[in-house]
Structure formats: structure tokens, C-alpha cells
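Coordinate inspection notes
One-letter residues, chain by chain:
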Amino acid sequence: QVQLVESGGGLVQAGGSLRLSCAASGRTFSSYAMGWFRQAPGKEREFVGAISWSGGRTEYEDSVQGRFTISRDNAKNTVYLQMNSLKPEDTAVYYCAADSPTIATMWPTFYYEADEYDYWGQGTQVTVSS
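Just so you know, these numbers come straight off a predicted model, no measurement behind them.

A few words now on the side chain of R72. Checked against the element boundaries, R72 lands in strand β7 (residues 68-73). Although R72 lies buried, it forms no salt bridge, and the closest oppositely charged side chain, D73, sits 8.3 Å away as judged by the N-O distance. In this structure the side chain of R72 is engaged in a polar contact, spanning 3.0 Å, whose partner is the backbone oxygen of F29. A polar side-chain atom of R72 sits 2.7 Å from the main-chain carbonyl oxygen of Y32.

Before going further, it helps to examine the nonpolar core. Core analysis: the largest hydrophobic core is formed by 29 residues, its most contacted members being L4, M34, W36, F68, L81, M83 and Y94. Within the residue set of this core, elements represented by two or more residues are β3 (18-24), β4 (33-39), β5 (46-51), β7, β8 (78-83), β9 (92-99) and β11 (124-129). One finds F37, F47, A97 and W107 within the second-largest nonpolar core, a separate group that totals 8 residues.

Basis of the calculations
- Residues numbered from 1 in each chain as written.
- Predicted model: local features only at pLDDT ≥ 70, side-chain atom pairs only at ≥ 80, totals over all residues.
- Heavy atoms only, no water.
- Helix = DSSP H or I, 4+ residues; strand = E, 2+ residues; numbered from the N terminus.
- Buried < 20%, exposed > 50% of the residue type's maximum accessible area, 1.4 Å probe, protein only.
- Lys, Arg positive; Asp, Glu negative; His and termini not counted.
- Salt bridge = Lys/Arg side-chain N within 4 Å of Asp/Glu carboxyl O.
- Polar contact = N/O pair within 3.5 Å; in protein donor to acceptor, adjacent residues only side chain to side chain.
- Core = buried A, V, L, I, M, F, W, Y, C linked by side-chain atoms within 4.5 Å.

Take a look at the structure:
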């Protein structure tokens with residue numbers, strides 16, 4: 001079992017920055033790919049980005065590419081989402097998720113699909129004012 005707890009959300013003006021953290025419990029965190037998703041009111045949950053177990057591979061949704069950066073510190077069992085140049089349309093609840101692969105450290109084929117992930121945090125609210 002893995003438990004995920006997000007933090008770092010808040011209210012920020014457009015153009016500002018926030019860094020979200022996702023702290024994970026469990027000894028096998030370092031073998032999991034991790035994803036970030038977000039859900040705005042009235043919309044479906046959407047993919048934001050993902051990072052491989054080692055941090056060597058990252059993928060991003062087009063609208064955040066170049067503005068958001070995912071990183072991880074396996075020694076601290078934590079994954080981060082650095083968000084720069086925030087826009088009002090980035091307003092959403094942000095969730096981190098962990099993929100427990102059939103083969104340890106395997107990159108999830110459908111890393112952009114919420115159904116790929118096995119564990120979820122409770123989410124943290126990010127609000128960007130114009």
C-alpha cells in the first residue's frame with residue numbers, strides 16, 4: 001500500500017509560481033512512476049505530467065510544457081510539481097498518483113490515463129487569479 005499526501009497549493013496571481021509536493025509512504029516508492037493530474041470544476045480529471053521511477057523520463061501535457069516541471073527525491077519519498085507562469089486556466093485541484101507496475105520500474109504505457117494509476121492523494125487546491 002502507498003499513501004500519498006499533496007501539499008503546497010494556494011492562491012497566486014497570474015504569472016506567479018507554486019511548488020506542489022507529494023509525500024509518499026511505503027518502501028517501494030522509488031520503483032513507481034508518478035503522475036500529476038488536475039480537475040477543474042465541472043471538468044474531467046486531466047493529465048498534467050508524469051515522471052519515471054528514476055526521474056530520467058518526464059512527460060507533460062501540451063498546455064503546461066515549458067511552464068511546469070516534475071522532479072522527485074526518492075530519498076525523501078517525495079515528488080514535486082514546480083509550476084511557473086501560472087494562468088487562470090491552471091486553476092484546479094491537483095492530484096498526485098502512483099503507478100504500481102507489474103514489473104518494477106517499468107514505465108506505464110498509458111501514463112496519461114488516470115486509470116493507469118493505482119494510488120491517489122486527496123488533492124490540493126490551486127487557484128490562479130487574473
